[in-house]
Each structure stands twice: as structure tokens, then as C-alpha cells.
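Residues per chain are reported as follows:
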Amino acid sequence: MKYGPGEDRNMTMRSPRLGRKDDLGLTLRLQAAMIQALAREGFEAVRLEEIARAARTSKQAIYRRWPGKDAFAVAALERGLSKVLPPVPERANAARDLHRLVGAYLNGLAGDTGKAVIKIRACPGFESLVHQLEEEIRFHVRQCLIATPFEQDLSARAGLILGLIWQVLYDRHLGPGGLEQAHLESAIYLVLGLVVPKAPAGI
């Protein structure tokens, strides 16, 4: 290989400079640092300088990727939420399908992503992100209940499940701790209009 004027082998073999926009590893570190900061401090208190320091880069590396703090935070949360994988309904037991669905969201949002979402939920600029998450949950609830005896009042049931998820997440991250497993099962029976078993059913 020939080298141009002023070039040498060491120069052409040099690693990409820190902070390049297509450096996926750095992008992921920045997004992880943003989620941690949102969970810890809330959106208004987040400082980009601190996030850059935590990701071992510069503030300029952030602006090469996102136009500002809002877009950066949304992108980080979207990536975090993409890791929550709702299960496919088994279609044999609606209560069990709902229990598995709610459990997947509660487990998937048990860490910093869930706490960050709770903290930004009412912040201006995040309405679209929150709406998208809520519509996703409603869709999966409908998938659990459509073509079952519980299809009547499906929108209302989906809203109740959504409210249950929000409340449990709030309690776990910012409140007294959230529902115990048996109480969560009871709540799902009540949403379906079923009689709650005297002992946990293990759905």
C-alpha cells in the first residue's frame, strides 16, 4: 500500500478518533449514562457535561449525535424501552396471558429505564414517547383478550391494566414498594371481572 505525502503507516492504521458519530460503542455508553442520570436526578437536573464524563468522552460527542438534551434523552429512553419484550399470548388462559404480560413490563422496567420513565412521564417534550409506550401496552393487552370471553369492554380493561402498570412502577421506584405477587394476581382477576381465588392461583 502506498502512502500519500505526509502520511505514514502508523497514521493510516490509527484508531478512529474518540467521539465519531458512527462509534456505536460510544453511542451506547452515552445513552446508558443518560438513562442513569434521568433515573437518579430527573430531566431538569441532568447536565450533559456530567454524562459526557461518565461515558468517557466530550460534550461535543453528544452534539454530533443529537441536537440537544431533549432529543438525546428521548433516544436513550427509546433504546431502553426497546429491550422490554412482551411475551406472545398462549391463548389458553386470558388471566395467565395478562399476568405474563404485566410481569414482562414490570420486570423490564424494574431498573433505571423504568425509574427514568416514571420521572419524565409528566415532563414537556416526552408526551410522544409516553403515548407510544402506552399504546404499545394497550395493543398487547388487546392481543391477550381479543376473541376471548373478556373482549367486551376491552378498551376499559386495557386502560385498567395500563393504570395498574403505571401505579406499580411508581410505587416500586418512588413509593412504598408496589404490589406483592398475590395482590397483582388478584388485580388481574378483578380487571377481568372474575372472582378472586381465596388462595393465590399461580396464574
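For the structure itself, consult the block above.
Rules of the game
- Residues numbered from 1 in each chain as written.
- Predicted model: local features only at pLDDT ≥ 70, side-chain atom pairs only at ≥ 80, totals over all residues.
- Heavy atoms only, no water.
- Phe/Tyr/Trp six-rings, centres within 6.5 Å; stacked < 30°, edge-to-face > 60°.
- Helix = DSSP H or I, 4+ residues; strand = E, 2+ residues; numbered from the N terminus.
- Buried < 20%, exposed > 50% of the residue type's maximum accessible area, 1.4 Å probe, protein only.
- Lys NZ or Arg CZ within 6 Å of the ring centre and 35° of its normal.
- Salt bridge = Lys/Arg side-chain N within 4 Å of Asp/Glu carboxyl O.
- Expected span 1.5 Å × (residues − 1).
- Contact = heavy atoms within 4.5 Å.
- Axes fitted to C-alpha atoms, helices over the stretch in contact; angles between N-to-C directions.
- Parallel < 35°, antiparallel > 145°, perpendicular 65-115°, else oblique.
- Nonpolar A, V, L, I, M, F, W, Y, C, P; charged D, E, K, R; others polar.
- Polar contact = N/O pair within 3.5 Å; in protein donor to acceptor, adjacent residues only side chain to side chain.
- Core = buried A, V, L, I, M, F, W, Y, C linked by side-chain atoms within 4.5 Å.
- Arc of directions from axis to C-beta.

Caption draft 1: The arrangement of the packing of aromatic side chains in detail. Scanning the entire structure with this criterion turns up two aromatic pairs. Here the aromatic rings of F43 and F126 are separated by 5.1 Å at their centres, their planes lie at 80°, and the arrangement is edge-to-face. Of this pair, F43 sits in the loop between α2 (24-41) and α3 (48-54) while F126 sits in the loop between α7 (112-120) and α8 (127-145); the two residues are 83 residues apart in sequence, bridging distant segments of the chain. The exposure class assigned to F43 is buried, which follows from its relative accessible area of 6%. By relative accessible area, F126 is classed as buried at 0%. Summarising the aromatic geometry, the rings of W66 and F72 are spaced 4.3 Å apart at their centres and angled 10° between planes, so their arrangement reads as stacked. Judged by its relative accessible area of 0%, F72 falls in the buried class. Over the ring of F43 we find K69, and its NZ or CZ is 4.4 Å from the ring centre. One Lys or Arg, R121, reaches over the ring of W166 and ends 4.0 Å from the middle of that ring.

Caption draft 2: Just the pattern of salt bridges, in detail. Evaluation of the coordinates by the stated rule reveals seven salt bridges. The partner of R100 in a salt bridge is E90, and the shortest N-O contact between them spans 3.9 Å. Residue R100 is located in helix α6 (residues 94-108), and its partner E90 is located in the loop between α5 (69-82) and α6; the two are separated by 10 residues in the primary sequence. Since its relative accessible area comes to 25%, R100 is described here as partly exposed. Three or more residues joined by partner-sharing salt bridges are found here, namely E90, R96, D97 and R100.

Caption draft 3: Local environment of α5. Over its 14 residues, α5 extends 20 Å from the first C-alpha to the last, a length consistent with the 20 Å expected when each residue adds 1.5 Å. Of all the positions in α5, only K69, F72, A73, V74, A75, A76, L77, G80 and L81 are classed as buried. The inward-facing, buried residues of α5 contact α2, α3, α4 (59-63), α7 and α8.

Caption draft 4: Layout of the packing of α2 against α5. Contact geometry of α2 with α5 gives a least axis separation of 9 Å together with a crossing angle of 95°. Considered as vectors, α2 and α5 are oriented roughly perpendicular to each other. Along its contact with α2, which presents L24, L28, L30, Q31, M34, I35 and L38, the element α5 presents K69, F72, A73, A75, A76, L77, R79 and G80. A breakdown of the residues in the contact of α2 with α5 according to their chemical character gives 11 nonpolar, two polar and two charged.

Caption draft 5: Fine view of the side chain of T148. Position of T148 among the secondary structure elements: in the loop between α8 and α9 (154-174). Judged by relative accessible area, which is 18%, T148 ranks as buried. A distance of 2.5 Å separates a polar side-chain atom of T148 from the backbone oxygen of L145.

Caption draft 6: Broad picture of the nonpolar core. Within the largest apolar cluster, 63 residues are counted, with the highest numbers of intra-cluster contacts made by M34, L38, I51, L77, L98, F126 and L145. Broken down by element, the residue count for this core peaks at nine residues, all from α9. For F126, the residues in contact, after removing those within four places along its chain, are F43, A73, V74, L77 and I120.

Caption draft 7: Looking closely at α8. Across its 19 residues, α8 extends 27 Å between first and last C-alpha, which sits within 8% of the 27 Å expected from 1.5 Å per residue. Within α8 the residues assigned to the buried category are L129, V130, L133, E134, I137, H140, V141, C144 and L145. Viewed end-on, α8 has its buried residues packed into an arc of 145°, placing them on one side of the element. Opposite the buried face of α8, by more than 90 degrees, sit the exposed residues E127 and S128.

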